[in-house]
Amino acid sequence: MEQKEFKIYKKTKNYCYLDPEEVEEGTTFEAMDAGDRFTVGEKKRLKGVYCTNQGYADFRPVQVIVNKDGYTIVETDTLNGIRLYDFVVLDSKAIKENQIIY
């Protein structure tokens, strides 16, 4: 059995969102502390932005409160989300996860 730690992008009561490039559909996990088993189900899109504070593109989930007239207001307490003064990419189609920013 292989042990590996995954970055959790979002948690809800019934679901946990992981990077689809790290985990394939149908993969089964076992919790080390409780012995519970979980199987990766269908893929769903998660709203977020790419943050470039460290010189590379790092996906961060956001929960949109308001989106109008060219601006967006997001929740401030999102797990692994953005913070005040983070640098974010405005055009997500122009960048990929972990891409180095020059």
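Within each chain, residues carry numbers counting from 1 in the order of the written sequence. With pLDDT at 70 or above as the cut-off, local features in this predicted model cover only qualifying residues; side-chain atom pairs require 80 or more to be listed or tallied, and sums for whole chains, interfaces and linings still use all residues. The side-chain values count all of the structure's non-hydrogen atoms but skip hydrogen atoms and water molecules.

A. The arrangement of the packing of aromatic side chains in detail. Ring pairs shown here join Phe, Tyr and Trp side chains whose ring centres sit within 6.5 Å, with only the six-membered ring taken for Trp; geometry is labelled stacked below 30 degrees between planes, edge-to-face above 60, and tilted in between. As enumerated under the stated definition, the model contains three aromatic pairs in all. Of the aromatic side chains, those joined through ring pairs into one cluster are Y9, Y50 and F59.

B. Layout of the environment of D86. Secondary structure follows DSSP: runs of H or I at least 4 residues long count as helices, runs of E at least 2 residues long count as strands, and numbering of each begins at the N terminus. As for its position among the elements, D86 is in the segment after strand 8 (71–74). The buried label applies to any residue whose accessible area, calculated with a 1.4 Å probe on protein chains only, is under 20% of its type's maximum; exposed applies above 50%, and partly exposed to all values in between. D86 sits in the buried class, given a relative accessible area of 15%. Every residue pair with non-hydrogen atoms within 4.5 Å of one another is taken to be in contact. Ignoring sequence-local partners within four residues, the contact set of D86 consists of C51, N53 and R60. Any N or O atom pair separated by 3.5 Å or less is treated as a polar contact, with the protein-specific requirement of one donor-capable and one acceptor-capable atom, and with residues adjacent in sequence counted only for side-chain atom pairs. Here the side chain of D86 touches R83 through a polar contact of 2.7 Å, landing on its backbone nitrogen.

C. The side chain of T78, seen in detail. Looking at where T78 falls in the secondary structure, it is placed in the segment after strand 8. Sequence-distant contacts of T78, that is, excluding residues within four places in its chain, are made with P61, V62 and Q63.

D. Structural context of the pattern of salt bridges. For this analysis, a salt bridge means a side-chain nitrogen from Lys or Arg found within 4 Å of a carboxyl oxygen belonging to Asp or Glu. Taken as a whole and assessed by the stated rule, the structure comprises five salt bridges. K7 is the salt-bridge partner of D58, the closest N and O atoms lying 3.2 Å from each other. Highlighted residues: D58 in strand 6 (residues 58–61) and K7 in the segment before strand 1 (10–11), separated in sequence by 51 residues. On the basis of relative accessibility, which here comes to 13%, the residue D58 falls in the buried class. For K7, a relative accessible area of 31% translates into the label partly exposed. One connected set of salt bridges, linked through shared partners, spans K7, D58, R60, R83 and D86.

E. Geometry of unusual backbone geometry. We note that D69 has phi near 50°; this positive angle belongs to a residue other than glycine. Its location among the elements puts D69 in the loop between strand 7 (64–68) and strand 8.

F. Region of the structure containing the environment of G81. Considering the arrangement of structural elements, one finds G81 in the segment after strand 8. Residues G81 and R60, spaced 21 residues apart in sequence, show a C-alpha to C-alpha distance of 5.0 Å. For G81, the contacting residues outside a window of four places in its chain are R60 and P61.

G. Region of interest: the pairing of strand 6. Side chains of strand 6 alternate between two faces, with D58 and R60 and F59 and P61 buried alike. Pairing between two strands is assigned when DSSP locates at least 2 bridges connecting them. Sheet topology note: the strand 5 (residues 48–51)/strand 6 ladder contains four bridges and is antiparallel. The partner of G48 across the bridge, within strand 6, is P61. As consecutive antiparallel partners, strand 5 and strand 6 are separated by six residues, and within that stretch G55 has a phi angle of approximately 95°, a positive value.

H. Spatial organisation of a nonpolar patch on the surface. On the surface, Y56, I100 and Y102 cluster together to form a nonpolar patch covering roughly 440 Å² of accessible area. Among the structural elements, Y102 can be located in the segment after strand 8. With a relative accessible area of 92%, Y102 lands in the exposed category. Patch members must show over 30% relative accessible area and no salt bridge, and they are joined within 9 Å when carrying like charges or within 5 Å when they are nonpolar side chains of Val, Leu, Ile, Met, Phe, Trp or Tyr. Here the Shrake-Rupley method, with its probe set to 1.4 Å, supplies the accessible areas, and only the displayed protein chains count as covering residues.

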